[in-house]
Structures are given as C-alpha cells and as structure tokens.
Amino acid sequence: MLKKCLKYDLLSFSRLFLLLAGTVLGLSPIAGLLLRILITRWEEMLFPWEILLVMAYVFLIGIFILASALLVYIRYYTHFFKDEGYLTFTLPVKRSTLLFSKILSAVIYQTVAIAVVAVAVCIVLLITPYNGEPYHTLFGAAFTPLLRRIGAAFAKNWFVALLKGAVGILLIILITLFNHLFYYLTMTMGSSINRKHPLLFCVLLIYAFNTILSLLSTPLLMMMTLWFSAVDTLYPLALVGARSEATYLMIAFTVAAMLALLCAAIWQWILHLLERRLNLA
C-alpha cells in the first residue's frame, strides 16, 4: 500500500515540477553565456542588460526552490484537511503509512530540486570565465580547492574522513526530516484546533514554535559548548589533531541524536492528532 500512496503523491504535481525543472536547466546555458559576455565585455557596454537577465534567472531558481517546497505542503494540506480528506480518512490505509508517504515524497522532491539547482549552477560555472581567462572557468576555481581538501583528508586518515562524511549525510537527512515534520505538525495542529482559519493559525504556530526554539537553543548551545570543552581537556595536548576530530564527531553525534529524538516525538504527535480526527469530520 505504501508504494501506491507514494506513487499517487509523486504524480500529484509532477507535471508542474518537471516543467519548472526543465525551464531552470534549459536556461542555464543561456545564463552562463550572458555572464560570459558580461565579464569579458564589461567595459564596452553602455547598459549591461545582461545583468537584468541574469537576475531574472536567479529569481527563477528561487521560484523553483520555493515552489518545490510549497507544492509538497499544499499537497499534505489538501489531502488531509480539505474535501479530499473525506476520502483519505475512509481508505483502508494506516495513518502512519499515509504520513510516511507524504514525508518520503517531500524528501524525494526536495532532493531532486537540490540536484537540479546544483546541475544548473555547474553548467553556468562551466561556461563563465574566471579572471577574464576564457579557459579558466568559475567551475574550476570553485571546485578544485574543495576536491584537493577532500583528497588530503582521505590521504591523512580515510576512516575518519569517511566517518565524518557519513555523519554529515546523516545530519542532512535528519534536518530535512525535522523540517518537513515541523511544518506538517503546524498544519495538522492548525487544521485540528482552528478549522475556520487553519492557515492563519498555522502561520501563528510556526512563529510561536520558532520563537520557542530560538529561546531554548541559546542556553542549550552554551551547555553543549561547556560540556565539550570539559571533555576536550581530557585529551593529551600532543594529540591536537585527534582531539579536534574526536570533538567534532562527538558534537555531530550528539546533535544527530537530539534531532532523531525530536523527529520521533513530532512523528508521534502528528499521528496522535490524525487519529483523533473523525473520519468524516
């Protein structure tokens, strides 16, 4: 049943998403050529109209990123709390399966959107020259130092470098899950508590939760800093490199554990609110 729900969620607005993604990728070579003309012939231009076109392309990328996120949240809201919800809550599907399908589809769309933007930026950088040299592009100037640092890290200690990369990927996944679950929770609470103006109440809940998280994060970060500073002094002073690597991994694993607990708590909270909702309410 999860495959059917996921397929239905992915196909719900795939045409609009693919249209926006194709437009971003199709215009990336043109944006790169405009930047190339702008850099190489800056002194010859009376009015650099290329700047306006490049700014329009950057604006298009912003619209694509925003739309890819909004479409996912609109899909969640309409599927559960609009007229379509009458059918949703009568299906022989567990609420956890429906929620997991929404989260999985959101992660897939967000991953594809990031990949599309990354490919578009790489195409622009491959065409745009660096320091006026036509064969030295911004792509090489941006990625060559990064690749050298990665290679040096693996040459120094491949296991630590691989572990840091795995922890980084885990943190990205957990942050993505927390972000989607947070907005799903606010929409669920807004639609369950205030059914006359659910979106307005949802915005107020987002503002309230962000305020609470910002107030709690400051003392929490201070406590974590003091704790890791105390633990860090236990390492011998001669092992400066190992001490810094171990401290980084301890901080990363602690943050990952906290995010995992928050995601699990929000998941159960959303399911509780969905279970309390009447089938035909």
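We now turn to the structure provided with this report. (Residues numbered from 1 in each chain as written. Predicted model: local features only at pLDDT ≥ 70, side-chain atom pairs only at ≥ 80, totals over all residues. Heavy atoms only, no water.)

## Focus on the nonpolar core
Counting 54 residues, the largest nonpolar core has Val24, Phe64, Tyr76, Tyr184 and Ile270 as the members making the most contacts within it. Elements that contribute at least two residues to this core include exactly α2 (14-40), α3 (49-81), α5 (95-127), α7 (158-193), α8 (198-232) and α9 (240-276). Ranked by residues supplied to this core, first place goes to α3 with 12 residues. If near-sequence neighbours (up to four positions away) are discounted, Tyr184 is found in contact with Val72, Tyr73, Tyr76, Leu99, Lys102, Ile103, Ala106 and Ile270. (Core = buried A, V, L, I, M, F, W, Y, C linked by side-chain atoms within 4.5 Å. Buried < 20%, exposed > 50% of the residue type's maximum accessible area, 1.4 Å probe, protein only. Helix = DSSP H or I, 4+ residues; strand = E, 2+ residues; numbered from the N terminus. Contact = heavy atoms within 4.5 Å.)

## Comments concerning the packing of aromatic side chains
Between two aromatic rings, the relevant description is the distance of the centres plus the angle of the planes. All chains considered together, the criterion is met by 9 aromatic pairs. Here the aromatic rings of Tyr73 and Tyr183 are separated by 5.2 Å at their centres, their planes lie at 40°, and the arrangement is tilted. Here Tyr73, found in helix α3, pairs with Tyr183, found in helix α7; they are 110 residues apart in sequence, far enough to count as distant. An aromatic cluster is defined as three or more aromatic residues linked by ring pairs; in this entry it consists of Tyr73, Tyr76, Phe80, Phe178, Phe182, Tyr183 and Tyr184. Taking the ring centre of Phe80 as reference, the NZ or CZ of Lys102 above it sits at 5.1 Å. (Phe/Tyr/Trp six-rings, centres within 6.5 Å; stacked < 30°, edge-to-face > 60°. Lys NZ or Arg CZ within 6 Å of the ring centre and 35° of its normal.)

## Focus: a nonpolar patch on the surface
Taken together, the side chains of Leu146, Leu147, Ile150, Phe154, Trp158, Phe159 and Leu162 make up a nonpolar region of the molecular surface, amounting to roughly 750 Å² of accessible area. Of all the secondary-structure elements, those providing two or more residues to the nonpolar patch are α6 (138-156) and α7. The greatest single-element share of the nonpolar patch, amounting to 4 residues, is contributed by α6. Inspection of the secondary structure assignment puts Phe159 in helix α7. (Patch = residues over 30% accessible without salt bridge, like charges linked within 9 Å, V, L, I, M, F, W, Y side chains within 5 Å. Areas by Shrake-Rupley, 256 points an atom, 1.4 Å probe, with all protein chains shown as cover. Salt bridge = Lys/Arg side-chain N within 4 Å of Asp/Glu carboxyl O.)

## Focus on the environment of Leu181
Relative to the helices and strands, Leu181 is located in helix α7. The buried category is assigned to Leu181, whose relative accessible area is 4%. Spatially, the C-alpha atoms of Leu181 and Ile270 are 8.3 Å apart, while their sequence positions differ by 89 residues. Not counting residues within four places of it along the chain, the set of residues in contact with Leu181 comprises Ile103, Cys263, Ile266, Trp267 and Ile270.

## Some words on the packing of α2 against α5
Orientation of α2 relative to α5, taken along the N-to-C sense of each, is 15°, at an axis distance of 7 Å. In terms of orientation, α2 lies roughly parallel with respect to α5. When the axes of α2 and α5 are compared, the crossing they make is right-handed. Residues Ser14, Phe17, Ala21, Val24, Leu25, Ser28, Pro29, Ala31, Gly32, Leu33, Leu35 and Arg36 of α2 form the contact with α5, whose participating residues are Tyr109, Val112, Ala113, Val116, Val119, Ala120, Ile123, Val124 and Ile127. Residues that form the contact of α2 with α5 fall into these classes: 17 nonpolar, 3 polar and 1 charged. (Axes fitted to C-alpha atoms, helices over the stretch in contact; angles between N-to-C directions. Parallel < 35°, antiparallel > 145°, perpendicular 65-115°, else oblique. Left-handed = near helix turned anticlockwise from the far one by under 90°. Nonpolar A, V, L, I, M, F, W, Y, C, P; charged D, E, K, R; others polar.)

## So, the environment of Leu125
Structurally, Leu125 is set in helix α5. Under the relative-accessibility criterion, Leu125 is labelled buried at 18%. Measuring from C-alpha to C-alpha, the distance between Leu125 and Leu33 comes to 10.0 Å, with 92 residues separating the pair along the chain.

## With respect to helix α1 (residues 2-11)
Every buried residue belonging to α1 is among Cys5, Leu6 and Asp9, and all of these are buried. Seen end-on, α1 carries its buried residues on one side only, within an arc spanning 95°. In this structure, α1 carries Lys3, Lys4, Lys7 and Leu11 as exposed residues pointing more than 90 degrees from its buried face. (Arc of directions from axis to C-beta.)

## Considerations on the packing of α1 against α5
Relative orientation of the contacting elements α1 and α5 amounts to 45°, with a least axis distance of 9 Å. Viewed along their axes, α1 and α5 adopt a mutual orientation that is oblique. Between α1 and α5 the crossing geometry is right-handed. Residues Leu2, Cys5, Leu6, Asp9, Leu10 and Leu11 of α1 pack against Thr97, Leu98, Phe100, Ser101, Lys102, Leu104, Ser105, Ile108 and Tyr109 of α5.

## Some words on the environment of Leu33
Here Leu33 is to be found in helix α2. Put simply, Leu33 and Ile127 are 94 residues apart on the chain and 6.5 Å apart in space, counted from C-alpha to C-alpha.

## Description of the side chain of Ser68
Relative to the helices and strands, Ser68 resides in helix α3. Residue Ser68 is classed as buried on the basis of its relative accessible area, which comes to 8%. Looking at Ser68, its side chain comes within polar contact range of the main-chain oxygen of Ile65, at 2.7 Å. The residues contacting Ser68, other than those within four sequence positions of it, are Phe17 and Ala113. (Polar contact = N/O pair within 3.5 Å; in protein donor to acceptor, adjacent residues only side chain to side chain.)

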